[in-house]
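# Structural overview
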Amino acid sequence: MVKKSFESPTRRSFLIGATATLGTPAIAQYTPNDPLRPAPEAEPAVRRNISSFRAKSWKPYFSNTRNGAILVDTTSRALHYWSDDQSIYKLYPSSVPLTEELTRLGRTSVIRKVEGPSWSPTPSMKKRNPEWPDYIPPGPDNPLGTHALYLSWKYYRIHGTHDTRKIGRRSSNGCIGLYNEHISELFSMAKVGTQVLLI
């Protein structure tokens, strides 16, 4: 009788292999020397309350939903959208500005929609980060992601991001960021003239 050289894997060898695979670090989403995608900074410990990320009614915030309405809640880090006829309601997790000084609150509106936006740092961003490039064309390295809704406030946008670690965090220089699939959906529903309120 010829002995087989192949042995079927045992439960123990399978578990050892699986543990080794799970212990292998995943490829990081950032490049250590990329100033536009630095490692996220640790936030101070806060009490997490999932109930703060919940559906809202438009009525306390808008007198009507003409042209649609967008509410950005910077505390719960969520964006709410209601269509003109209120038949559509969407709730998206968002990124918010890094500091109170960079956060602008109040009423504005969508004045322009751009698919595949280009990006240039504002003068104040360039002053704070002189190493940043002056211009980034549309594409995977663009900080505005795949779509952008330009607001009536100069330099302010609701836009996508390729850096998904930013969503749900204080991570922007003033704009509101969404996952690219979410901004794509919002982009298809929002109009030039859609009301926007940041609270």
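Located above this text is the structure these notes cover.
Residues numbered from 1 in each chain as written. Predicted model: local features only at pLDDT ≥ 70, side-chain atom pairs only at ≥ 80, totals over all residues. Heavy atoms only, no water.

## Considering the pairing of strand β6 (residues 147–151)
Put simply, the rule is: The cut-offs for exposure are 20% and 50% of the maximum accessible area for each residue type, with area from a 1.4 Å probe on protein chains only; residues under the lower value are buried, those over the upper are exposed, and the others partly exposed. Secondary structure follows DSSP: runs of H or I at least 4 residues long count as helices, runs of E at least 2 residues long count as strands, and numbering of each begins at the N terminus. For two strands to be treated as a pair, DSSP must find at least two bridges joining them.
Most of β6 is tucked away: 5 of the 5 residues are buried. As defined by bridge partners, β6 adjoins strand β7 (residues 157–161) across 3 bridges and the pair is classed as antiparallel. Counted as the bridge partner of Tyr150 is Arg157 from β7. Between the end of β6 and the start of β7, which pair antiparallel, lie 5 residues, with Tyr155 showing a positive phi angle near 75°.

## Some remarks on the sheet that holds strand β5 (residues 106–115)
Rule in force here: A fitted line through C-alpha atoms serves as each axis, taken over the contacting stretch for helices, and the angle formed by two N-to-C directions is quoted from 0 to 180°. Whether two residues are in contact is decided by their heavy atoms: any pair within 4.5 Å suffices.
What the 8 strands build is an open sheet, ordered β3-β2-β1-β10-β5-β6-β7-β9; its pairing is mixed. Bordering the open sheet on either side are β3 (89–93) and β9 (176–179), each of which pairs with just one other strand. The average angle at which neighbouring strand axes cross in this sheet is 25°, direction not considered. Alignment of β5 against strand β10 (residues 195–198), held across 4 bridges, turns out to be antiparallel. Residue pairing in the sheet places Thr108 in a bridge with Val196 of β10. Of the strands in this sheet, β1 (69–73), β2 (78–82), β3, β5, β6, β7 and β9 touch helix α3 (residues 180–189), which is tilted by about 105° from β9.

## Focus: the pairing of β2
With 5 of its 5 residues buried, β2 lies for the most part within the structure. Sheet topology places β1 next to β2; 5 bridges connect them, and they run antiparallel. In the sheet register, Leu71 faces β2, and the bridge partner there is His80. Counted between consecutive antiparallel strands, the loop separating β1 from β2 contains 4 residues, among which Arg77 sits at a positive phi close to 60°.

## Structural notes on the nonpolar core
Going by this rule: Within this scheme, the nonpolar core is defined by two criteria: the residues are buried Ala, Val, Leu, Ile, Met, Phe, Trp, Tyr or Cys, and they are joined through side-chain atoms within 4.5 Å.
Residues Ile70, Leu79, Leu149, Ile158 and Leu186 are the most contacted members of the largest nonpolar core, which totals 21 residues. Those elements giving two or more residues to this core turn out to be β1, β2, β6, β9, α3 and β10. Aside from chain neighbours lying at most four places away, what touches Leu79 is Ile70, Leu71, Val72, Lys90, Leu91, Tyr92, Ser94, Ile158, Ile176, Leu178 and Leu186. The next biggest cluster of nonpolar side chains, apart from the first, holds 8 residues, and it includes Trp119, Met125, Ile136 and Ala148.

## Let's talk about unusual backbone geometry
Positive phi is not limited to glycine here, since Arg77 has a value of about 60°. Residue placement: Arg77 occurs in the loop between β1 and β2. Even without being glycine, Gln86 reaches a positive phi, approximately 65°. By the element assignment, Gln86 lies in the loop between β2 and β3. When its relative accessible area of 41% is taken as the criterion, Gln86 is described as partly exposed.

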